[in-house]
Amino acid sequence: MSIFKRHITGIFMMAIALSFALPAFAQRPVKEYYLTIKDQKVTKAGHSAQAVTINDSIPGPTLYFTEGDSAVIHIKNEMKVASSIHWHGVLIPNYYDGVPYLSTPPIAPGKTFTVRFHLRQTGTYWYHSHSMFQEQSGLYGAIVIYPKKPVRHYDKEIVLLLSDWTTENPKHVMNNLKRGLEWYSIKKGQAQSLNRVIAHHGFGERFQMAWQRMPPMDISDVYYNAFLTNGSSSLNAPDVHPGEPIRLRVIDGSSSTFFHLQFAGGKMQVIAADGQDVKPVAVNRLLMGIAETYDVVITIPASGKYEFRATAQDGSGHTSVYLGKGALHEAPALPKPDVFHLEGIMMEGMAGMKMKMNGMTMDMSPKMMQREMPYLKKDYIDREDINTAGTDNMYMGDMDMGNMQMGDMSGMNSDSTVNQKMDMGKADDKTGDDKMETGMSSMAGMKMGKLQQDDSVIFNYNMLRALHPTAFDTTGHQVRHLTFNLTGSMWRYNWSINGKTLSEKDSILVHKGEILRITMNNATMMYHPMHLHGHFFRLVNDNGTYSPLKHTVIVPPMRSITIEFLADEPGDWFFHCHILYHMMAGMARSFQYADYQRPDTMKNYPMKRLFNDDNHWYFWGNGTVASNRGEGYVSYSNRKNWIQVSGDYGWDKRENEITGSYEYFVGKFLRPYAGVVTSNKDEYLDYFRDNGKTVPQQDTRGLVGVRYLLPLFLNADLRIDTRAHARFTLSGETWLFQRLWLTYMGNTDKEYEANLEYMLSQYISLSGGYSSDYRWGGGVMVRF
């Protein structure tokens, strides 16, 4: 009997132990999805292209979860290339974050990868590929995570996933950006040719920009055939009724488009930003950054059909959702931004006449605007700033609210519960209230370019107020200050942080438990939506202790934004600009936790494969057949290296000259080079005649020299060949009319030429002009 009792007792104790030892995963409700990635031909808004689909659809299916669920997602890759999925804004184990080679293995062709994680949050999020340009081609979808206990009730909710659609291969788009082709601005009707600049009274500013070697400014780099909501250029939602509050979960899943959100039926009430609930605020317009999510509540008026419109920031198009039935009420049309003046670019979607960086006011004069901020010598500045004094030890970031001046930067919303995983402390509920601009409609009275036309309330980050204190308890935590200057060069389309691309400076070491405070200074003329993987950060604004939590933040041109986060999620996490083409051109870093050990399954996937993304080689060229000659040019370049081959052949005298060179960038504009030239022109063969030597049919010489980009985009080339002959050349081009360019060249060998080129399409131009070698002629140029 005693033996039986002992067995029963042992079994009972083992059962109790097993119940406690069971993985938390098995104790939670499991929500399972199957996703299949394919390469398919797709038509969107009447435009067909080769695309990447998820479950035969663009966007992919919306994934619904409830807080506390265990997610099991099986991803099958049926393409011929590797793929990936990143869960944007979702707190997830690093191994499943979905950045190939950094945290997660790429999903090989024909393979299935299963992701498992617990839902520790609520809100509106999304997922997308992190493999090359697949996101642009359609690999994205929405995520909705409901709270266990609903805190608000709405009659209806609609998920709206915004995106941009191009029929071009995204790799070819990147190639065009690298070569500086202006075709996209022509297609958008925003060509900044000399005649249009003069007509808009912008010649002085354009001259100053060209003097500082800055190309014409763009709000957006790429021309898109259509803008989409849930994969369509427009949607109808007739099954809504007057007086109904409707929750719109809006996601900007585009690759390079910011959107102005407007509703024809009145104000939108912003209730959440990046999945985190905020104090509701009513606005008329909101500029939404790429990769941000906003939850807004609208109410359908008494009768009619009302438009919810998302207008591309550059004014090149919009996508709409029509809610209700009856007579159509359209959202207000926004005029296109003024791209001919610096003020037009700066004030697009912003308020205020001055900006501040590092506490220094920068007046909006063209001269000051174009002065780049000095690069730091390293990616961050460490400071022993362990705050152990004070009564509550709440880290407010040593804020100087007067220096924030975060102007009217639209768009931020959030979902349900503030994540409590951070160590929040006590805070004075009134902290920052006195500084908060409660009536932001006052911004309407400030000069905002042509976009501000009435007394409407325009959203800005200072309107975001968390529902609970978010400040960190710094007891026992080191506070480290980092400065990121967002830098870049449109001339060769390189984007960087502190003047270094990802391949040049890839990672920043992080110690678990420290608080990182990052000040981002945008030294460029473009907006940058900066995203941190695996964490929420505090966006330090006028609300002090109640500054909101976000995962993506817009840093406007020539402005400064400060964020801070607690390093409590070990792993290797990506931080990057979410304009896809900027990220691929180098504006990224990785935060790597010091004590984190990569899983053995990552041993065959070196990080350098990711870090080298901005150092890919790009090939382009052109060929011309004219009445007097034939010409050709090819270019093959990456971040620091440039190989060029050019040649011409005259039909009359059968003269030719072919030059090939390799150059290396030392800084932005200086390129020493070496190469070879071969020619049968008189200036080459005269060397043999003058020295009494046999004249060959063709002379080939070695070259060394240096090229430098001068102000006004004049290319200077000083070289000496192996016959000890030196030559200096100046060349350049002027954009005269919307499709017409003047190119010119002259050198110390008394060669000169001038040509007009008229762009018929992205690939074909008509050309004609005069050359000292070949006289007058005209023909056709083909680009490839």
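In this text the structure is predicted, and so the values were computed from the model without any measurement. Residues take numbers from 1 onward in each chain, read along the sequence in its written order. Owing to the predicted nature of the model, reporting of local features is limited to residues with pLDDT of at least 70; listing and counting of side-chain atom pairs is limited to 80 or more, with chain, interface and lining totals taken over all residues. Heavy atoms throughout the structure, all of them, feed into the side-chain values; hydrogens and water do not.

Caption draft 1: Geometry of the overall build of the chain. Along its length, the chain carries 11 helices and 47 strands. Any residue under 20% of the maximum accessible area for its type is buried, any over 50% is exposed, and the rest in between are partly exposed; the area is computed with a 1.4 Å probe on protein chains only. Within the span of the chain, comprising 784 residues, buried residues form 58% of the whole. Any two residues whose heavy atoms approach within 4.5 Å are treated as being in contact. Across the chain, the fraction of contacts at a sequence separation of at least 24, relative to all contacts at a separation of at least 6, is 70%. Only the protein chains shown count as cover for residues, with accessible areas throughout obtained via the Shrake-Rupley method and a probe of 1.4 Å. Accessible area of the chain: about 31400 Å², with a carbon and sulfur share of 56%. Helix and strand assignments follow DSSP, with helices taken as H or I runs no shorter than four residues and strands as E runs no shorter than two, numbered in order from the N terminus.

Caption draft 2: Structural context of the environment of T743. Positionally, T743 belongs in strand β44 (residues 740-747). On the basis of relative accessible area, T743 is assigned to the buried category, the value being 16%. Taking the C-alpha atoms as reference points, T743 and G732, 11 residues apart in sequence, are found 5.9 Å from one another. Filtering out sequence-adjacent residues up to four positions away, T743 remains in contact with G732, E733, E753, A754, N755 and E757.

Caption draft 3: Molecular detail of the environment of V281. Along the chain, V281 falls in strand β15 (residues 276-283). Residues V281 and V457 lie 176 residues apart in sequence; the distance between their C-alpha atoms is 10.0 Å. Among residues more than four places away in sequence, those in contact with V281 are M268, Q269, V270, F459 and M463.

Caption draft 4: Highlighting the sheet that holds strand β6 (residues 112-118). In this description, strands pair whenever DSSP reports at least two bridges between them. One open sheet holds the 4 strands; their spatial order is β2-β1-β4-β6, and the pairing between them is mixed. Edge strands, defined here as strands with exactly one partner in the open sheet, are β2 (47-54) and β6. Across the sheet, the axes of successive neighbouring strands diverge by a mean angle of 20°, strand direction being ignored. As judged from the 8 bridges shared by strand β1 (residues 30-44) and strand β4 (residues 70-77), these two strands associate in the parallel manner. Bridging from a neighbouring strand, I37 pairs with N77 of β4. To get an axis, a line is fitted to the C-alpha atoms, and for a helix only the part in contact is used. The angle between two axes follows their N-to-C directions and goes from 0 to 180 degrees.

Caption draft 5: Structural context of the pairing of strand β13 (residues 259-263). Where burial is concerned, most of β13 is hidden: 5 out of the 5 residues are buried. Burial along β13 is two-sided: F259, L261 and F263 facing one way and H260 and Q262 facing the other are all buried. Pairing of β13 with strand β16 (residues 285-288), which is carried by 4 bridges, proceeds in the antiparallel orientation. The partner of F259 across the bridge, within β16, is M288. Inspection of the sheet shows β13 paired to strand β18 (residues 304-312) by 5 bridges, in the antiparallel sense. Looking at the pairing, L261 lines up with A310 of β18.

Caption draft 6: Structural context of the pattern of salt bridges. A side-chain nitrogen of Lys or Arg and a carboxyl oxygen of Asp or Glu constitute a salt bridge if their distance falls within 4 Å. By the definition in use, this model includes 33 salt bridges. As a salt-bridge pair, K681 and D773 come within 2.9 Å of each other at their nearest N and O atoms. Placement of K681 in the loop between β40 (670-679) and α11 (682-690) and of D773 in the loop between β46 (764-771) and β47 (775-783) is noted, with a sequence separation of 92 residues between them. Taken together, the shared-partner salt bridges in this structure form one network comprising E157, R247, R249 and D295.

Caption draft 7: Seen up close, the nonpolar core. Residues belong to one nonpolar core when they are buried, are Ala, Val, Leu, Ile, Met, Phe, Trp, Tyr or Cys, and are joined through side-chain atoms within 4.5 Å. Among the nonpolar cores identified, the biggest contains 121 residues, and L261, F308, L323, M530, Y581 and F591 are the most heavily contacted of them. With 6 residues, the single largest contributor to this core is strand β9 (residues 156-165). Judged by nonpolar contacts, the second largest core, of 31 residues, contains V52, Y96, F113 and V115.

Caption draft 8: Expanded view of helix α5 (residues 203-211). If you check which residues of α5 are buried, you get E205, R206, M209 and A210. Viewed along the axis of α5, the buried residues span an arc of 135°, placing them on a single side of the element. What the arc covers is the set of directions going from the helix axis to the C-beta atoms.

Caption draft 9: Representation of the pairing of β4 in the model. A large share of β4 lies buried, amounting to 7 of its 8 residues. Of the strand pairs in this sheet, β4 and β6 are connected by 7 bridges, and their pairing is antiparallel. Its bridge partner being in β6, V72 is matched across the sheet by R116.

Caption draft 10: Geometry of the environment of A108. Tracing the backbone through its elements, the reader meets A108 in the loop between β5 (86-88) and β6. Linking A108 and M79, residues 29 residues apart in sequence, is a C-alpha distance of 8.6 Å.

Caption draft 11: Here's a closer look at the sheet that holds strand β33 (residues 560-566). Strand order in the open sheet made by the 6 strands is β26-β25-β28-β33-β30-β31, with mixed pairing throughout. The sheet is open, and its two edges are formed by β26 (494-497) and β31 (549-550), each paired on a single side. Pairing analysis gives 7 bridges linking strand β28 (residues 515-522) to β33, with the strands arranged antiparallel. From the neighbouring strand, I518 faces β33, where its bridge partner is I563.

Caption draft 12: α11, seen in detail. Here α11 has its buried residues at Y684, L685 and F688. Taken down its axis, α11 places every buried residue within 85° of arc, on the same side. Buried residues along α11 sit against β39 (656-664), β40, β41 (699-710), β42 (714-721) and β43 (726-737). Looking at the residues trailing α11, positive phi occurs at G692, about 65°.

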